Structures are given as structure tokens and as C-alpha cells.
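# Chains, contacts and geometry: an overview
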Amino acid sequence: MDAQQVPAEARSSPPARRPVRGAGPTVAVAFGGGGARGLAHIHVIEALDEMGIRPVAIAGSSIGAIMGACLAAGMSGRDMQLHARSVLRNRAEVLARVWKSRPYNLSQMLSDGMRMTQFDIERILKAFLPAAVPATFEELGIPLQVTATDYYGHALAVFESGDLYTALAASAAIPTIFRPVRRDGKLLIDGGIYNPVPFDLLEGKADIVMAVDVVGGPTHNSRKRPSALDLIIGSTQLMMMSITAMKLKTKRPEILLRPPVLGFRVLDFLKIETVMAETASIKDEAKRALDAAFETRAGRSALRLD
């Protein structure tokens, strides 16, 4: 998007110069996948900003990978919120960007088979991501790990170098909605399929690992029967919840946050105002959890000194 098309208050500012917390425990953050529910990650990032905490490592799946890339690129939570609101609260703006990301010609449309119901996630991301997000991992200010699922390899794929946009696109390629992404000879889909909240990737990289889980699950909020797409997405959410539950039985992060996102569907991006309002409480919850984790670490240090 050209700068002149964006309201002045919504333009991304230069990388924020955050007050960095004094010497003490280091923090790493894992942002989970969940589509529009992942807008709640912005509140957690604002909590980090306000506490003067700069993570030493970040991992993310799907929308969590996108939010993690923005944070690693130096954007503040406020910058992210302004950008997201400037785009998503305007239905006409969203439609214009989706139109901009369409195939340029018929040959591109047919190159991977006629799939009118699947969008090209790489083009979508380029139309929606803020300009602050660079082209490569190497240009980020904080190490970032992005997950994807190797469809034919039946395995988790983790990217932390090279082209950033294809990694983010692969991580966010929700099956049936977006086309799979090809990279390094692999066909890649949504990272949340294999690792919904990748806190395990951060083990040993910081004193405190904080995980933010926004997967949730299907909710009964109307009298209508779920559509075929609702059933596919809901079933995927149940699978992701099961994966996370199994991981937590063997290893838990120091902090696990679960914003109140159950009232929203994966594609409810146009409901950004409601999502942000109803998940705002997670900011204070994140601050309390971080303060408690720092106090626990300080207590352990004091005991060792004694």
C-alpha cells in the first residue's frame, strides 16, 4: 500500500525504541495460530512494549507467525493495531486489497489448476502486510522461527532464514481457503496443522518462555447448522487443541495465555473492533504473568546466592 493511501495516524512508524528492562531474565514468545482470533496477539505485544521487554526469540504459527514477524521487524503493538484497524475496519479497503492480489492473467490462474475457491496467500499477504516487514529473515531485529506443515513429507517445517514472505504465506495457508505454497521442493500448508503453538521451538533460548494460544474451538452461537467450511475449520481447530493438550502434558511454557476468543470465527477479520475490545483483558493478564515470572526467577536467584 502506498503511504499516501493510509491515514497519517495509521502509517507505520520507524522501529520503536522501547525502554529495555534492566539486566534480568530473558523472554521468548510463541504466538499461536487462529486466524482472526490472532488479532488478540497485538494486546500481548503492547504489554511487552509497556513493560519495556524485548524478546530475545520469537516463534509463530499462521497468524502468530505474521504477528511475530511484525514484532521482530521492530513494530510496536500500537503500530500493529493502527495498521490493522486502518485496513480491516473498512470493508471496501479489504475488498480492494483482495482484488489487487488477484492473478494478473489467465495463465497464472490456470498454472496450478483452476481453483476458484482458493486464494493465493502469497499475493494476499503482500497486499495486506505493513511495509515495515522486510523481505528476508536476516533483516529482522529479533530471531524468528516460522512453522509450516510439509504436506507430502508428513512433517513439521520450520523456517528461520531466507525469504520471509514465502515462509509466512506457507504458515498461514489454511487448507480449502488458500492454495498450498511451494518452497524448497515442498508443498506447504498451515503451520498450525502440525504445531499450533510452537513454544517447544523456544526451549533453551530464554529464561522465560511465554506462549499465546488463540486456537479455541468451534462454538454453538446460532441456530443454523454449520456449513461445510465451518465443519472443516472447526474440525481442524479440535485437532489443534488436541495437539496442544498433548504437548502440555510433557512440557509447559513458563507462561501460557489464552485470550477470550471463542466468540469469533477464524475469518472474522472485519470484526476487528469487537475482537480488540473483547480481548483487551489479556494485556493486563500478560503483565501480571510476566511480573510473577520475573519475581519467581528473582527468588530462585536469591536462594542460589544464599
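Scroll up to find the structure.
Residues numbered from 1 in each chain as written. Predicted model: local features only at pLDDT ≥ 70, side-chain atom pairs only at ≥ 80, totals over all residues. Heavy atoms only, no water.

### Considering the packing of helix 1 (residues 41-51) against helix 3 (residues 77-88)
Quick reminder of the rule: Axis lines are fitted to C-alpha atoms, over the contacting stretch for helices. Their N-to-C directions set the angle, which ranges from 0 to 180 degrees. Secondary structure is summarised from DSSP: a helix means a run of H or I of at least four residues, a strand means a run of E of at least two, and numbering begins at the N terminus for each. What sets the label is the angle itself: under 35 degrees gives roughly parallel, over 145 gives roughly antiparallel, 65 to 115 gives roughly perpendicular, and the rest give oblique. Whether two residues are in contact is decided by their heavy atoms, any of which lying within 4.5 Å being enough. Residue polarity is assigned by list, with Asp, Glu, Lys and Arg as charged and Ala, Val, Leu, Ile, Met, Phe, Trp, Tyr, Cys and Pro as nonpolar; anything else, Gly included, falls into the polar class.
At a minimum axis separation of 8 Å, helix 1 and helix 3 run at an interaxial angle of 150°. When the interaxial angle is binned, helix 1 and helix 3 end up roughly antiparallel. Contacts from Ile-42, Ile-45, Glu-46 and Asp-49 of helix 1 reach helix 3 at Gly-77, Arg-78, Met-80, Gln-81 and Ala-84. Along the lines of polarity and charge, the residues of the contact of helix 1 with helix 3 split into four nonpolar, two polar and three charged.

### Let's talk about the pattern of salt bridges
The criterion, for reference: For salt bridges, the criterion is a side-chain nitrogen of Lys or Arg within 4 Å of an Asp or Glu carboxyl oxygen. Only protein chains enter the accessibility calculation, which uses a 1.4 Å probe; a residue is then buried when its area is under 20% of its type maximum, exposed when over 50%, and partly exposed in between.
Evaluation of the coordinates by the stated rule reveals twelve salt bridges. The salt bridge involving Glu-273 is made with Arg-89; its shortest N-O contact spans 3.9 Å. Remark: Arg-89 occurs in the loop between helix 3 and helix 4 (91-100) and Glu-273 occurs in helix 9 (residues 272-278); sequence separation between them is 184 residues. Residue Glu-273 is classed as partly exposed on the basis of its relative accessible area of 34%. Taking the shortest distance from any N to any O, the salt bridge between Asp-184 and Arg-183 comes out at 3.6 Å. Put simply, Glu-46, Glu-50, Lys-283 and Lys-287 are held in one network by salt bridges that share partners.

### Quick notes on the nonpolar core
Heads up, the condition is: Among buried residues, those of type Ala, Val, Leu, Ile, Met, Phe, Trp, Tyr and Cys that are joined through side-chain atoms within 4.5 Å constitute a nonpolar core.
Ranked by size, the top nonpolar core spans 73 residues in total, and within it Ile-121, Leu-144, Leu-168 and Leu-257 carry the most contacts. In terms of residues, this core owes the most to one element, helix 2 (residues 63-72), which gives eight residues. Residues contacting Leu-144, with those up to four places away along its chain left out, are Ile-58, Gly-68, Ala-69, Ala-72, Phe-137, Phe-159, Glu-160 and Leu-164. In terms of nonpolar packing, the next biggest core, distinct from the first, is built from twelve residues, Ala-59, Leu-201, Val-209 and Leu-248 among them.

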